[in-house]
Amino acid sequence: MTRPLIISDCDEVLLYMVSPFRDWLAETQGVEFRMSGNDFSQALRWQDSGEVLEQDEIWRKLGQFFDTEMHRQAPIPGAIEGINTLAEEADVVILTNLVDKRQAMRTEQLAGHGLNARVFTNQGPKGPALQNILQEYRPSKAIFIDDLAQHHRSARETISDITTLHLCGEPMLAPHIDCAHSSGHADARIDSWDEALPWLRAQLERENA
């Protein structure tokens, strides 16, 4: 009999990303990061001129951060412990929107924080990638955890019977981003692992009842 499967995002679900990215930009790149709305593309400005960075420059900065600064990323409180607790009852994999060449780096990064899990990389909406993972694992139940509403929408548009939790553990972002629960694409919105873990375990218990 197959086990349930939990597919979790990494950045802002398991590890902080925006806050160390902000610090690195300010310390070494001459860039200020400030979220004033839900548009990430408007959050990066040159310190000297105050001008918004061009989109291509933002992507270059993100790429450089992931290539050289992933050691700055620390676990969100309760995340690693929570996922490892869930792994006692379910299979756990990570679905992260990084280019494929960084798959090994992310795997090693998470292992260094005490999470040994298979890592899938993806670019763009996550629904098709989720579908491929489910076709491989054929779990008795699937739960998807992500911090961005568009990935929950993609999941629901692609897969009819997946449980979804919208979780954003980064306080800099959580108040500004769209809520997948409000839009009907997530079963719940919980931004702390202290509250998320009991909810997730209840979903697994419901499946096994």
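Check the entry above for the structure.
Reference entry: report on the structure contained in this document. (Residues numbered from 1 in each chain as written. Predicted model: local features only at pLDDT ≥ 70, side-chain atom pairs only at ≥ 80, totals over all residues. Heavy atoms only, no water.)

## Concerning the side chain of Ser19
1) Next: Structurally, Ser19 is set in helix α1 (residues 18-29).
2) Next: The class for Ser19 is buried, based on a relative accessible area of 15%.
3) Next: Every residue in contact with Ser19, bar those within four places of it in the chain, is listed here: Glu170 and Met172. (Helix = DSSP H or I, 4+ residues; strand = E, 2+ residues; numbered from the N terminus. Buried < 20%, exposed > 50% of the residue type's maximum accessible area, 1.4 Å probe, protein only. Contact = heavy atoms within 4.5 Å.)

## Points about the nonpolar core
1) Next: Within the largest apolar cluster, 29 residues are counted, with the highest numbers of intra-cluster contacts made by Leu14, Ile94, Ile145, Leu165, Trp193 and Leu200.
2) Next: If you list the elements that add at least two residues to this core, you get α3 (79-86), β4 (91-96), β6 (142-146) and α7 (193-208).
3) Next: Listed in part, the 22 residues of the second largest apolar core include Phe21, Phe33, Leu44 and Leu53. (Core = buried A, V, L, I, M, F, W, Y, C linked by side-chain atoms within 4.5 Å.)

## Focus: the sheet that holds strand β8 (residues 188-189)
1) Next: Reading across from one edge, β5-β4-β1-β6-β7-β8 is the order of the six strands in this open sheet, with parallel pairing throughout. This sheet does not close on itself; its edge strands, each paired only once, are β5 (118-121) and β8.
2) Next: Strand direction decides the pairing type here: strand β7 (residues 163-166) and β8, joined by two bridges, are parallel. Paired with Leu165 across the strands is Ala188, a residue of β8.
3) Next: Along the sheet face, helix α4 (residues 103-112) touches β4 and β5 and points at about 145° away from the line of β5. (Pairing = 2+ DSSP bridges. Axes fitted to C-alpha atoms, helices over the stretch in contact; angles between N-to-C directions.)

## Looking at the environment of Ala202
1) Next: Here Ala202 is to be found in helix α7.
2) Next: Sequence separation of Ala202 and Asn84 is 118 residues, and the distance between their C-alpha atoms is 16 Å.

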